[in-house]
Amino acid sequence: VPSITEEEAREALMGYVAEHCCYGKKAAQEMTYTDLQSTSAFHYTLETFGEARSTAWAYEPFVGQNLDVPQNGPAPGPWDIQVQIPAMFKNGKVQIEVPHTAGVKPCHECQQTGRVRCFRCHGRGRLFCHHCNGSGSETYYEDGERRHRCCCHCDGSGRKRCYTCDGFGTITCPTCQGRCSLKFFIQLTIIWTNHLEDHIVERTALPDELIRAVSGQISFEETVPRVWPITHFPDNEVNIASKNLVSKHAAAYTTERIVMQRHQVRIIPVTQAFYKWKDSPADYFVYGFEKKVYAPDYPQTCCWGCSIQ
């Protein structure tokens, strides 16, 4: 992994300062570098792409569609149905009808009438008038005197027509959509989940979580149905992390079928820049191929209206 020069370290810091409207750039321009220490951080990731299947009864309005009834043959088991994986190592979900399980039954929600009681007015067809608080009259003032008149919103009844059912008290059954009958079948739900865990080896004061967001050099990558732990990486902490995570994933997802596994090691360049400005020593970090900067102790962080040292 290549190291950076003083010019590159200063340029990265200038870009970092430009992203913060309250930061002053004088310190970045005038600081004197005393040392640049380049190291490497290691980012190990393990991905286990699993597939889970479950079945449950489902229904939909029956509109005359063709039915694959049990008389057409025995229903296959959940894992006997062939389904194309949409994308490897990406979460996904599909729901399909299990062959030879369909039938028709009366709608249980509306008792085969096609209509149900209105949920807003509870079948009354009328709603409480909030303009007159159900009294049927509203108050107004004329010539400084308080008067009453018939409420124009409910015509003096204290109740107004329900706008959901148009006063009929019933609405179209949302379950069968007014068709009175339902098609029922066994529905297979397939969920693909990419389980990802990682371990970062970084031995400076740079926060480990920053390593995840930058790019680096991929020194090792393997994609197979079952991975073996890494054992010969130069940094033994990576070997230990690989062994622990592979063992953990082997025992963690017992209800899923493991489709594929992938693990890799990335090497991320990290440079700790030591400098002096106004005889005060400090440091900051430049990391990743993007040359991101982490500078919590930057000396000029005040607004322009404040006193900048």
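Residues numbered from 1 in each chain as written. Predicted model: local features only at pLDDT ≥ 70, side-chain atom pairs only at ≥ 80, totals over all residues. Heavy atoms only, no water.

Going by an unreviewed UniProt entry, the chain carries the name Ssu-2 homolog and comes from Lottia gigantea.

### A short note on the overall build of the chain
So the rule is basically this: For the purposes of this entry, the term helix denotes a DSSP run of H or I that reaches at least four residues, the term strand denotes a run of E that reaches at least two, and both are numbered from the N terminus. For a compact globule the rule gives 2.2 Å times the number of residues to the power 0.38, and the radius of gyration it is set against comes from C-alpha atoms. A 1.4 Å probe rolled over the protein chains alone gives each residue an accessible area, and that area as a share of the maximum for its type sets the label: buried under 20%, exposed over 50%, partly exposed in between. Any two residues whose heavy atoms approach within 4.5 Å are treated as being in contact.
Broken down by element type, the chain carries three helices and 14 strands. Relative to the 2.2 N^0.38 estimate, which gives 19 Å for 309 residues, the radius of gyration of the chain is 34 Å and therefore markedly larger than a compact globule would have. Along the first, second and third principal axes, the C-alpha set of the chain runs to 85 × 85 × 25 Å. Counting across all 309 residues of the chain, residues that qualify as buried make up 37%. Residue pairs in contact within the chain that sit at least 24 positions apart in sequence constitute 78% of those at least 6 positions apart.

### With respect to the side chain of Lys183
Put simply, the rule is: Any pair of nitrogen or oxygen atoms within 3.5 Å is treated as a polar contact; in protein, a donor-acceptor pairing is required on top of that, and neighbouring residues in sequence qualify only through side-chain atoms on both sides.
For Lys183, the position within the fold is in strand β10 (residues 181-201). The buried category is assigned to Lys183, whose relative accessible area is 6%. Polar contacts involving the side chain of Lys183 include one to the side chain of Glu97, which spans 2.9 Å. With residues up to four places along the chain from it excluded, the contact list for Lys183 reads Ala58, Tyr59, Glu60, Pro61, Phe62, Gln65, Asn66, Leu67, Glu97, Ala102 and Gly103.

### What to know about the environment of Arg226
Looking at where Arg226 falls in the secondary structure, it is placed in the loop between β11 (217-224) and α3 (236-252). Residues in contact with Arg226, not counting those within four places in the same chain, are Ile258 and Gln261. Of the polar contacts made by the side chain of Arg226, one reaches the backbone oxygen of Ile258; its length is 3.3 Å.

### A word on the pattern of salt bridges
Keep this limit in mind: By definition here, a salt bridge exists when the distance from a side-chain nitrogen of Lys or Arg to a carboxyl oxygen of Asp or Glu is within 4 Å.
The final tally for this structure, using the stated rule, is twelve salt bridges. Where Arg262 meets Glu47, a salt bridge forms, and the shortest distance between an N and an O atom there is 2.8 Å. Here the residue Arg262 occupies a position in strand β12 (residues 257-277), and Glu47 occupies one in strand β1 (residues 32-61), the gap between them amounting to 215 residues. You can call Arg262 partly exposed: its relative accessible area is 23%. With its nearest N and O atoms 3.1 Å apart, the salt bridge here joins Arg203 to Glu237. With Arg203 in the loop between β10 and β11 and Glu237 in helix α3, this residue pair connects regions lying 34 residues apart in the sequence.

### A few points about the packing of aromatic side chains
Any aromatic ring pair is given by two values, namely how distant the centres are and how the planes are angled relative to each other. Condition: Between rings of Phe, Tyr and Trp, where Trp is taken as its six-membered ring, a pair exists when centres lie within 6.5 Å; planes separated by under 30 degrees are stacked, by over 60 edge-to-face, and by other angles tilted. Charges are assigned to positions over rings by a cutoff of 6 Å between ring centre and Lys NZ or Arg CZ, combined with an angular limit of 35 degrees from the ring normal.
All told, the structure shown has eight aromatic pairs when counted by the stated rule. Relative to Tyr284, the ring of Tyr275 lies with its centre 5.9 Å away and its plane at 55°, an arrangement referred to as tilted. Looking at Tyr284, the relative accessible area reads 1%, which means it is buried. Following the ring pairs from residue to residue traces out a cluster consisting of Tyr16, Tyr23 and Tyr298. It is Arg149 that lies over the ring of Tyr140; its NZ or CZ is 4.5 Å from the centre. A cation over an aromatic ring shows up here: Lys183 above the ring of Phe185, its NZ or CZ 5.2 Å from the ring centre.

### Some details on the nonpolar core
As a reminder of what qualifies: Definition used in this section: a nonpolar core is a set of buried Ala, Val, Leu, Ile, Met, Phe, Trp, Tyr and Cys residues joined via side-chain atoms within 4.5 Å.
Core analysis: the largest hydrophobic core is formed by 19 residues, its most contacted members being Leu13, Met31, Tyr284, Val293 and Tyr298. Elements with a minimum of two residues in this core: α1 (6-18), α2 (26-30), β12 and β13 (280-287). The dominant element in this core, judged by the number of residues it contributes, is α1, at five residues. Discounting chain neighbours no more than four positions away, the residues touching Leu13 are Ala28, Met31, Tyr284, Val293, Ala295 and Tyr298.

### Some words on the pairing of β12
Here is the rule we go by: Paired strands are those between which DSSP finds at least two bridges.
Judged by how many residues are buried, β12 sits mostly within the fold: 17 of 21 residues are covered. Pairing geometry for β1 and β12, over 19 bridges, is antiparallel. For Thr45, the partnering residue across the bridge sits in β12 and is Gln264. Direction of pairing for β11 relative to β12: antiparallel, over a ladder of seven bridges. Within β12, the residue paired with Val224 across the bridge is Gln261. Where β12 and β13 come together, eight bridges link them in antiparallel fashion.

### Thoughts on the domain arrangement of the chain
To be explicit about the condition: Start and end positions for the domains come from either an automated domain assignment or a database one.
In terms of domains, the chain is made up of domain 1 (6-47 + 192-294) and domain 2 (115-172). Using only C-alpha atoms to locate each centre, domain 1 and domain 2 end up separated by 66 Å.

### A short note on α1
The following threshold applies: Any helix carries an expected span of 1.5 Å times its number of residues minus one. Think of it as the arc spanned by the lines of direction from the helix axis to the C-beta atoms.
With 13 residues, α1 should reach 18 Å at 1.5 Å per residue; the first-to-last C-alpha distance of 18 Å fits that figure. For α1, every residue scored as buried is listed here: Ala9, Ala12, Leu13, Tyr16 and Val17. One face of α1 carries all of its buried residues, which in axial projection span an arc of 140°. Of the residues in α1, the exposed ones pointing more than 90 degrees away from the buried face are Glu7, Glu11 and Ala18. Of the surrounding secondary structure, the elements contacted by the buried residues of α1 are α2, β1, β13 and β14 (292-294).

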